[in-house]
Amino acid sequence: MGYVFAAPGQAVVPVVGTTDLFPVHRIYCVGRNYAEHAREMGFSEREPPFFFAKPADAVLVIAEGAVGKLPYPPETSDLQYEVELVVALGRHGRANSAQEAAAFVWGYAVGVDLTRRDLQASLKKQGRPWEISKSFDLSAPISAIRAGRDAGRVDNGRIWLDVNGERRQESDVSKMIWGVNEIIEHLSRYFALAPGDLIFSGTPAGVGAVVPGDVLDGGVDGVGRLSLEIVSA
Ligand code: MN
């Protein structure tokens with residue numbers, strides 16, 4: 001017996017300061033998790049965290065000091081950046097409390113939740129799934145993962161993103177509406193969490209469009225940074 005064709009490769013993210021690779025299981029994302037971003041998207045109420053997902057092979061790994069290249073994706077004319085703290089999980093099962101959730105954290109990275117905002121707006125209006133606006137190829141650029149044993153607990157720290165050297169997003173991860181442990185606890189009500197899961201924890205205000213030629217540079221203090229150039233497809 002054998003596979004009918006070569007099995008797909010395992011998506012991996014390198015671990016800072018080692019030759020180790022973190023195998024990606026699933027990618028979950030949290031919507032509207034900073035009050036000012038929720039407001040800029042037209043929402044004001046505090047609501048329970050909500051989730052969407054991207055395929056594991058949507059990661060675009062950007063090594064430390066490198067500039068990743070992202071071909072401008074098809075079927076959009078409003079590609080937008082969202083810089084986010086990414087939480088990497090290292091444990092199976094369910095977190096029954098925020099306290100239990102802390103033990104699921106393996107490490108952290110910096111990610112950009114790329115979004116076809118024009119498609120998302122029209123899907124929202126029609127009450128349709130966000131899939132094609134959020135879960136496209138290479139829609140999850142990510143830095144190397146910093147292990148929790150090095151980073152400590154990341155519950156504060158500046159999160160920022162520049163486009164062509166101009167500051168567009170800046171906040172502090174302490175301003176997340178739902179903190180890392182609360183996100184994990186909520187998410188595990190709906191899914192069996194597993195080692196290799198990545199959680200994009202939401203973006204601060206200041207999201208906007210980019211075009212080919214633009215260079216994004218973003219980071220979370222104490223975690224890392226990443227650089228990404230949008231190139232013509
Ligand atoms: Mn996002």
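Criteria and cut-off values
Residues numbered from 1 in each chain as written. Predicted model: local features only at pLDDT ≥ 70, side-chain atom pairs only at ≥ 80, totals over all residues. Heavy atoms only, no water. Donors = N, O, S within 2.8 Å, 3.2 Å for Na, K, Ca; no water. Helix = DSSP H or I, 4+ residues; strand = E, 2+ residues; numbered from the N terminus. Polar contact = N/O pair within 3.5 Å; in protein donor to acceptor, adjacent residues only side chain to side chain. Contact = heavy atoms within 4.5 Å. Pairing = 2+ DSSP bridges. Axes fitted to C-alpha atoms, helices over the stretch in contact; angles between N-to-C directions. Phe/Tyr/Trp six-rings, centres within 6.5 Å; stacked < 30°, edge-to-face > 60°. Buried < 20%, exposed > 50% of the residue type's maximum accessible area, 1.4 Å probe, protein only. Core = buried A, V, L, I, M, F, W, Y, C linked by side-chain atoms within 4.5 Å. Salt bridge = Lys/Arg side-chain N within 4 Å of Asp/Glu carboxyl O.

Draft legend 1. Region of the structure containing the coordination of the manganese ion. Those protein atoms acting as donors to the manganese ion are E82 (OE), E84 (OE) and D113 (OD), and they sit at 2.0 to 2.2 Å. When the donors of the manganese ion are listed by position in the chain, the intervening gaps give E-x1-E-x28-D.

Draft legend 2. Structural view of the side chain of Q169. Relative to the elements of secondary structure, Q169 occurs in strand 14 (residues 166-172). Here the side chain of Q169 touches V83 through a polar contact of 3.1 Å, landing on its backbone nitrogen. Separated by 2.7 Å, the side chain of Q169 and the backbone oxygen of P204 make a polar contact. Sequence-distant contacts of Q169, that is, excluding residues within four places in its chain, are made with Y81, E82, V83, I159, W160, L161, T203, P204, A205, G206 and V207.

Draft legend 3. Highlighting the sheet that holds strand 17 (residues 215-220). Within the open sheet, the 5 strands sit side by side as 6-18-17-13-14. Their pairing is mixed. For this open sheet the edge positions go to strand 6 (67-71) and strand 14, each flanked by a neighbour on one side alone. Averaged over all neighbouring strand pairs, the angle between strand axes comes to 20 degrees, with direction disregarded.

Draft legend 4. Representation of the packing of aromatic side chains in the model. Enumeration according to the criterion identifies 4 aromatic pairs in this entry. Between the aromatic rings of F22 and W106, the centroid separation amounts to 5.8 Å while the plane-to-plane angle is 50 degrees, which identifies the pairing as tilted. Remark: W106 occurs in strand 9 (residues 105-112) and F22 occurs in strand 2 (residues 21-23); sequence separation between them is 84 residues. A relative accessible area of 5% places F22 in the buried class. Judged by centre distance (5.5 Å) and plane angle (55 degrees), the rings of F52 and W130 are tilted.

Draft legend 5. Representation of the nonpolar core. Grouped together as the largest cluster of nonpolar side chains are 43 residues, with contacts concentrated most on L79, L85, V87, I184, I199, L216 and I230. Going through the elements one at a time, strand 3 (27-30), strand 7 (79-81), strand 8 (83-89), strand 9, strand 13 (158-163), helix 6 (180-190), strand 17 and strand 18 (224-231) are the ones with two or more residues in this core. Formed by 20 residues, the second largest nonpolar core is a distinct cluster that contains V13, V15, I27 and V59.

Draft legend 6. Spotlight on the side chain of H37. Mapped onto the elements of the fold, H37 is located in helix 1 (residues 35-40). For H37, a relative accessible area of 4% gives the class buried. H37 has contacts with R32, E82, T203, P204, A205 and V207, leaving out every residue within four places of it along the chain.

Draft legend 7. Spatial organisation of the environment of V173. Checked against the element boundaries, V173 lands in the loop between strand 14 and helix 6. With a relative accessible area of 4%, V173 lands in the buried category. The spacing of V173 and R158 is 15 residues in sequence and 6.5 Å in space, taken between C-alpha atoms. Every residue in contact with V173, bar those within four places of it in the chain, is listed here: Y34, L85, V154, D155, N156, G157, I159 and V220.

Draft legend 8. Region of the structure containing the pattern of salt bridges. In total, this model carries 13 salt bridges according to the counting rule given. E170 serves as the salt-bridge partner of R158, at 3.8 Å between the closest nitrogen and oxygen. Taken as a pair, R158 in strand 13 and E170 in strand 14 lie far apart in primary sequence, 12 residues in all. Under the relative-accessibility criterion, R158 is labelled partly exposed at 30%. In this structure, R189 and E185 form a salt bridge, with 3.0 Å as the shortest nitrogen-oxygen distance. Separated by 4 residues within a single helix, R189 and E185 lie in helix 6, roughly one turn from each other. With a relative accessible area of 48%, R189 lands in the partly exposed category. Among the charged side chains, a salt-bridge network with shared partners connects K54, E82, D113, R117 and K134.

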